[in-house]
Every structure is written in C-alpha cells, then in structure tokens.
Protein chains: 2
Amino acid sequence: MTESIGIVTPQTLHIDQPLALVSGALLPQYDLRFETYGELNAQRNNAILICHALSGDHHVAGYHEGDDKPGWWNDYIGPGKPIDTNHFFVVCSNNLGSCRGSTGPTSINPETGKVYGADFPIVTCRDWVQSQNQLRQHLAIEQWAAVVGGSMGGMQVMQWAIDYPERLRHGIVIAAALKLSAQNIAFNEVARRAIMSDPEFHEGQFIEAGTTPKGGLALARMLGHLTYLSDDMMGAKFGRELRADKLKYSFDVEFQVESYLRYQGEKFATKQNFDANTYLLMTKALDYFDPASEFGNDLSAAFAKTQAKFLVVSFTSDWRFSPARSREIVRALLDNDIDVCYAEVESEHGHDAFLLPNTHYEGIFRAYMRRVEQECAQA
Amino acid sequence: MTESIGIVTPQTLHIDQPLALVSGALLPQYDLRFETYGELNAQRNNAILICHALSGDHHVAGYHEGDDKPGWWNDYIGPGKPIDTNHFFVVCSNNLGSCRGSTGPTSINPETGKVYGADFPIVTCRDWVQSQNQLRQHLAIEQWAAVVGGSMGGMQVMQWAIDYPERLRHGIVIAAALKLSAQNIAFNEVARRAIMSDPEFHEGQFIEAGTTPKGGLALARMLGHLTYLSDDMMGAKFGRELRADKLKYSFDVEFQVESYLRYQGEKFATKQNFDANTYLLMTKALDYFDPASEFGNDLSAAFAKTQAKFLVVSFTSDWRFSPARSREIVRALLDNDIDVCYAEVESEHGHDAFLLPNTHYEGIFRAYMRRVEQECAQA
C-alpha cells in the first residue's frame, strides 16, 4: 500500500424517471451521489463498481476537501493498492434510502414538499442494483470489470450477478451471506426497537418535529458494533480493564469496553449525524435479502444465469457472517460450474476485518485484481 | 422424571442486623424469601442449596397455590428427579436486590419510608452468598451436601467454595464462567442503556413517579433472550419464516423471530412485571464477578482453600458462557487437586439448555446426585 488518491469531489446523477421498487411503491425521481477514481480506458472495459455496507457511503477512497479522514476503504483502493486506480476506473454510489446524498428519508418528497422521513419507501438490494444499473448506463459502461462489496455490499454483488448477469465479468463477495439467519434478523429487530421506541422518534417524522432519536440510534449502533467485533478481539483490546483505578460500584461507566461502546454509539448519532430512518431501512433491506426465495429457495438455482467469475472471502472470527455462510455461497456458485476462488482469512477482528489492513487478505485481493486487470488489457 | 412436588408456600427470614456489602454500603436489615422441598434428615446432612440466575427466584420447583406453572427448575427437582426430594432437603432463596420477595429496589427503605428504587445499593455475588449463609445458620445446617446453580447461579456456587470452603461438600456449576468477557459486559451495558434511556426510568425512581420503563426493560430482555439462544436453534425454530403469508415491506413484524422476541420482551416487562432496577443490579453483579481478582488474577489461587468436590457442566451451543469458559473453571479446580467431574453436553439450545430437559444432561446430573446422596447416607 503506497500513496493515496488525493482530493475527490462527489458527483450527482439525477434520474427524472420513476423507479419501480420491489415493494410495489414507486420512487418518482431520485438522485444518486457517487464518486469515481482513476480513468476509464479507451475500451471502457476497466470499470469497477464498489457497493457499500450498512453505514457506508459513496466516499470510498481519497479525501474530501478540508477533510483529514479518507474514504472508508482507502486501504484497498488507490494507486498501487489491491484495487489499483492506475489501472481501474472505480465507481461507488450511495445507496437509495441512505442519508449521504442519494435520495433517502432526509430528502424532500417532491409530492409533498416536505422531508420524506418515515414516508420514504422500503428499499431492497434489488432496488439498489436497479438504480446502480442506471448509473452504469449514464457512464456508458457496457460491462463492469468487477462488482465488489463487503457485508451488505457483497449482497449487492450477488444481486448484480443474478439480475444483470451479462453486466459484470467478476463478482467479489467479502464477509457476506446469501441471506440473514434468524439470529441476524433478531439483532436487527432489537436495534430497530431501540430507535422506534425513542420518544424523539415521532413515528419517523423527527426531522419535521425538529429533533432526532439520538439515544435510540446510539443504542442501535452500540449493539451493531458489538456484533461486528469478535469476543477474542474485544478480550484482547479491552479485557476487563477498568476506566478508573478501582471499582466504583455504581452505574457509571466502569469497564473500558462500556466506555468504548458508548463513545461509538454517540459519535454515530451526533458527530456523524447518521439518519435513524436510514438505519431502519438498511437493516430491513438486509432482512429481506434472500435471492433464492424467488427460485424455490434453491440457492444454486439463483445463480443459474450468472456469467461472472467470483472471488469469495470470509474471516475466521466473523460470527455475524461466518465462514460457513460464505461456503454456502461458494457451493451455490460451484453447483453452476462457475469459476470461483474462495479464501478464509485468519483474523481476530470479527466482521470488521473486511475493512481493516491484513496482509493475507490484501495479498489474495491484489492477486485476484491483477488477473482482472490482465483480462482488461487483453480484451 | 416422574411426579412433581405439589403445592409449596414461600417463607421469609427477616434479618435484623446490618449486612456490610462489598461496595462499602450497609444494608440495615433485610428479608430473604425462600422455599424448601423435601425433609431435612436427622443428621441434618442432606441439604442442597440452589442458587438462581438473572431473572430467576426462590420458586424453583412445585406449584404455588392457584398457579398452573411450576417453579423454574421443576424438571430437575422433585421426587425421583435428579435432585431427588425423597432424599434431599432442597432450599432456594431469592437474591438480595431482586423483586420477588427478598429485599430489593421495590422494597421500602426503612431509613426514608419510601421505596428504595435507584437507592438500593449495588450487590455482588459475595453479598448474596453472605446472606445465604445467614439462611444456612437459621436453618441450623452445618454444611450443605451441595450448592447448585446454573449461569449466575453457578457463580454463586464458586463464591461459596471460595468464601465458606467448609460449608459445602459438593459444588455443581452449570453453564457458568469464572468472570464475564468484554463481550458479555458489552451486552449487559447495551441492556442497561436501553433501560436507563427510557424516559419512564426517571433516574431509577420510576415507582415513586408512578410508572415503569417497560419499553427499555422489554428491549433489554429481547437482547438477553437473543444471547441465550444459539444461532442454529433459532434457525431450526424460526428460520426465515414469515408471520403473514407474504412480505409486507413495512416496519411491522415481518418474521416469526421478531414476533417471538417482542412477545418475550413484553411478557417480561408487563405480565411478569420484572423490576427494571433489579435487572440493572443483576447485570452489574454479573459484570463484577471475578473472584480471581482478589488473588492477583490467579484463577487457581482463588480455589486454594476450597474443600468441596465439583461437577461442572457446559453445553456445546452456549455462546454466552461457552464450554471453553467451563474448562477454565475445571483447570483452576484441577490445579488445586480438587475432585472434579466435567461434562460437555451436546445441545442446540444455547445458554438456555441448563433449564431444559435433555437426556444426557439429566443422566449426568442424576448420577452425580446419587453419589452425593450415598455420602449423606454413609455419614
């Protein structure tokens, strides 16, 4: 990992035609905020689409003007990095329903002139992919060299391979699953309850009410964060270390791990100003993701038309989307004679590992992307 | 498992002398609510103390007048059951700080004439054991044939063996740990945040305010419940089954697992009327439990004076207190040449397995108790 992309400026694509959502609702018009890095080559065959996870956005690498923190995957995208912007044209768009620039609950509903809030329709993985396909057409890219994503991003990669099989040559699915388990759904439901039972939630119309359900959102984030980390890693990082010199025997923060989680929750709800309705929508989209349900619950049948080759990566200590869940993906792909590389990477960082530096992970990622790069050059 | 104990009537022991708590606070006087089953023999050597878990109480077996639901461990305690009341005199008391009859946050503070609420002092495992030792003296029992408990109950068993080594011949520790991990503490902290951020919490003086933080308590219980179940078991029980015939694409309950968890949370907060301050106190006592901390964090040194023999049981799918945590207990006991039997029982029921029927578990438990019984008879 060498230099970084410098200053990047987000762009906005406005789509003035309605998007028919899976739920049956119609989004009359929408914006997609996106960023690009690197250059599209003359053959227009070196474009990579990055799909983001629950709390992510389009700002995946480089720096925004005046910001000292780079995009969320800056370790893996840039000149000389696994997704090498000297060779690839990288695109990442903010998902519909988010609060980072694409149309979502904090946007103005053109039909009422008011903020959408809770009136923003439920969006699904398929809806996101449909809107990303509009972006693809706008950029005049016939076929992505690869669609890449971790966690919820990995689900979008699979949805691309199912819905637009001819539009991607490679799918890179990291720390994901073909559907949420009952336990995953249950964690999401507890998080949603925390938000929706905050008295500042106002049935989702909190922006209209001039407030935000900060407490509920912070609680949801604490719980989410807790499930992204492994027990071992939390043990190594915090153990039972106290915040003060000795036990206070009170309900104040006593252990470092409590302090850390509270800080993460509050930062998310205040400094990062994440929208509570967006959090609800993203967790729902996760719950609903189950592409095999349209194929008689046959995981293999879901990929019957898929043409892309795949890299699937999981992390040993990830208990939210464990390696066993990634192996289900690999099996479903292999059942269709799809060319798939699978790596189970040793890491103590739990689900978060997909975002963090790791020599083994980086090596696999880099080698695979080199192959994608050579194909682009040979075409 | 044959017949059940019939109708039982709880008793109350009032202790009119102050209890010096680990926190430094003094409890001026207190009640212990307890139940007994079976008969104390002439040698007074067949008494078994049962210690309860987080949301448990003294009503461990048999039926209360007019109640059609038996005590929480009725499957394992009764005539012909593993803890056979034809042979043993079984005692179980409600922990201090609870809301089921022993002095706790819902009791009147004799110093103010008002409900304790948030003024009830922090209690620890050691405080519970100290108060249970008062009950032992009251019952004129020189030595328990065994002290038995699961989860938080198992922690009390270990505390007995450390603090009153000559007062028990056997310790039975089920699905417990020598201390909570950072992850365990983090889950407790999220649950506490849920309760304390409910606007009906009123800084813990909600009884005075004429209300209860039901929403926060229900949320805490949902989260607790979720961690007591295994991913596999939730998958087998609920999978991704829908509550209605088809997806609604709304924030209503969509999947069976959501409905189940909401029901469990609401039942706990309303029908079972559990006290929110008690929930806070119990989770804190769990966080604080760490007997080795007084022995230079040497787990083995903690048991140096222990005289009892041990049965330690864990369950394969328990991820809250995993088998690895039970093996730590076994190692610490073996380091002191203590006679210990260890069983890792196959179960898909997660942490809850310690409460549920299971042939293997029952067999081990029964065999061990037969040995305890024979020792009583031979003495």
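Rules used throughout
- Numbering of residues starts from 1 in every chain and runs along the sequence as written.
- Lettering of chains starts at A and numbering of ligands starts at 1, both following the order in which they are written.
- The predicted origin of the model limits local features to residues at a pLDDT of at least 70 and limits the giving and counting of side-chain atom pairs to 80 or more, whereas totals for whole chains, interfaces and linings rest on all residues.
- By convention in this description, side-chain values take in all heavy atoms of the structure and omit both hydrogens and water.
- Grid points spaced at 1 Å over the protein atoms alone were grouped into cavities, where a 1.4 Å probe fits but cannot get out, and pockets, open sets with protein on both sides within 12 Å along at least five of seven lines, with lining residues defined by an atom within 4 Å of a point.
- Grid points are joined across faces, edges and corners, and a volume is the space filled by probe spheres set on the points.
- Strands here mean DSSP runs of E at least two residues long; helices mean DSSP runs of H or I at least four residues long; both are numbered from the N terminus.
- For this analysis, residues touch if any pair of their heavy atoms sits within 4.5 Å.
- Two parts placed together each lose some accessible area under a 1.4 Å probe, and adding up what both lose gives the buried area.
- What counts as a salt bridge is simple: a side-chain nitrogen of Lys or Arg found within 4 Å of a carboxyl oxygen of Asp or Glu.
- Residues adjacent in sequence count toward polar contacts only when both atoms are side-chain atoms; beyond that, a polar contact is any pair of N or O atoms within 3.5 Å, and within protein one must be able to donate a hydrogen and the other to accept it.
- Orientation is described by axes fitted as lines to C-alpha atoms, over the contacting stretch for helices, and by angles from 0 to 180 degrees between their N-to-C directions.
- For this classification, under 35 degrees means roughly parallel, over 145 means roughly antiparallel, 65 to 115 means roughly perpendicular, and everything else is oblique.
- Each crossing gets its handedness from the near helix: less than a right angle anticlockwise from the far helix is left-handed, clockwise is right-handed.
- Here the term charged refers only to Asp, Glu, Lys and Arg, the term nonpolar to Ala, Val, Leu, Ile, Met, Phe, Trp, Tyr, Cys and Pro, and the term polar to all other amino acids, Gly among them.
- In this scheme Phe, Tyr and Trp rings, the latter by its six-membered ring, pair at centre separations within 6.5 Å, and the angle between planes marks the pair as stacked below 30 degrees, edge-to-face above 60, and tilted otherwise.
- Burial classes follow relative accessibility: with a 1.4 Å probe on protein chains only, a residue under 20% of its type's maximum area counts as buried, one over 50% as exposed, and anything between as partly exposed.
- Geometrically, a charge over a ring is one whose NZ (Lys) or CZ (Arg) sits within 6 Å of the ring centre while staying within 35 degrees of the ring normal.

(A) Representation of empty space enclosed by the protein. One pass over the structure, following the stated rule, counts five cavities of 30 Å³ or more. When its volume is computed, the largest cavity comes out at roughly 60 Å³. Secondary-structure elements contributing two or more residues to the lining of the largest cavity are helix H3 (182–196) and helix H4 (214–228) of chain A together with helix H3 (182–196) and helix H4 (214–228) of chain B.

(B) Region of the structure containing the interface of chain B and chain A. On the side of chain A, 51 residues touch chain B, which itself brings 51 residues to the contact. Between chain B and chain A the total buried area reaches about 4,300 Å² when both faces are included, carbon and sulfur atoms providing 71% of it. When residues of chain B are sorted by the area they lose upon contact with chain A, Arg240, Tyr249 and Phe251 of chain B head the list and together hold 19% of the total. If you look at where chain B meets chain A, you find eight salt bridges. With its nearest N and O atoms 3.4 Å apart, the salt bridge here joins Arg240 of chain A to Asp290 of chain B. Our count for the contact surface shared by chain B and chain A stands at 22 residue pairs in polar contact (both at pLDDT 80 or more). Those elements that provide at least two residues to the side of chain B that touches chain A are H3, H4, helix H5 (231–237), helix H6 (256–269) and helix H7 (276–288) of chain B. In terms of residue count, H3 of chain B provides more of the side of chain B that touches chain A than any other element does, 11 residues in total.

(C) How the structure looks around unusual backbone geometry. A positive phi angle, close to 60 degrees, is found at Asn297 of chain B, a residue other than glycine. Mapping Asn297 of chain B onto the fold places it in the loop between H7 and helix H8 (299–302).

(D) Fine view of the packing of helix H6 (residues 256–269) of chain A against H3 of chain B. The interhelical angle for the contact between H6 of chain A and H3 of chain B, taken along N-to-C directions, is 55 degrees, at an axis separation of 9 Å. With respect to H3 of chain B, the axis of H6 of chain A lies oblique. The crossing of H6 of chain A and H3 of chain B is right-handed. Residues Val257, Glu258, Leu261 and Arg262 of chain A of H6 of chain A lie in contact with H3 of chain B, whose contacting residues are Ala182, Ile185, Ala186, Glu189, Val190, Arg192 and Arg193 of chain B. Grouping the amino acids of the contact of H6 of chain A with H3 of chain B by side-chain chemistry returns six nonpolar, no polar and five charged.

(E) Spotlight on the packing of aromatic side chains. All names here are of chain A. The full count for this structure, using the stated rule, is 40 aromatic pairs over all chains. For the ring pair Trp160 and Tyr164, a centre distance of 5.2 Å and an interplane angle of 50 degrees mean the geometry is tilted. Seen from their ring centres, Phe268 and Tyr279 are 5.8 Å apart, and the 75 degrees between their planes marks the pair as edge-to-face. Taken together, the residues Phe268 in helix H6 and Tyr279 in helix H7 (residues 276–288) connect sequence positions 11 residues apart. Each member of the pair Phe268 and Tyr279 is classed as buried. Three or more aromatic residues joined by ring pairs make a cluster, and in this case those are Trp72, Trp73, Tyr76, Phe315, Tyr361 and Phe365. Its guanidinium or amino end placed over the ring of Phe268, Arg221 lies 4.2 Å from that ring's centre, counting from NZ or CZ.

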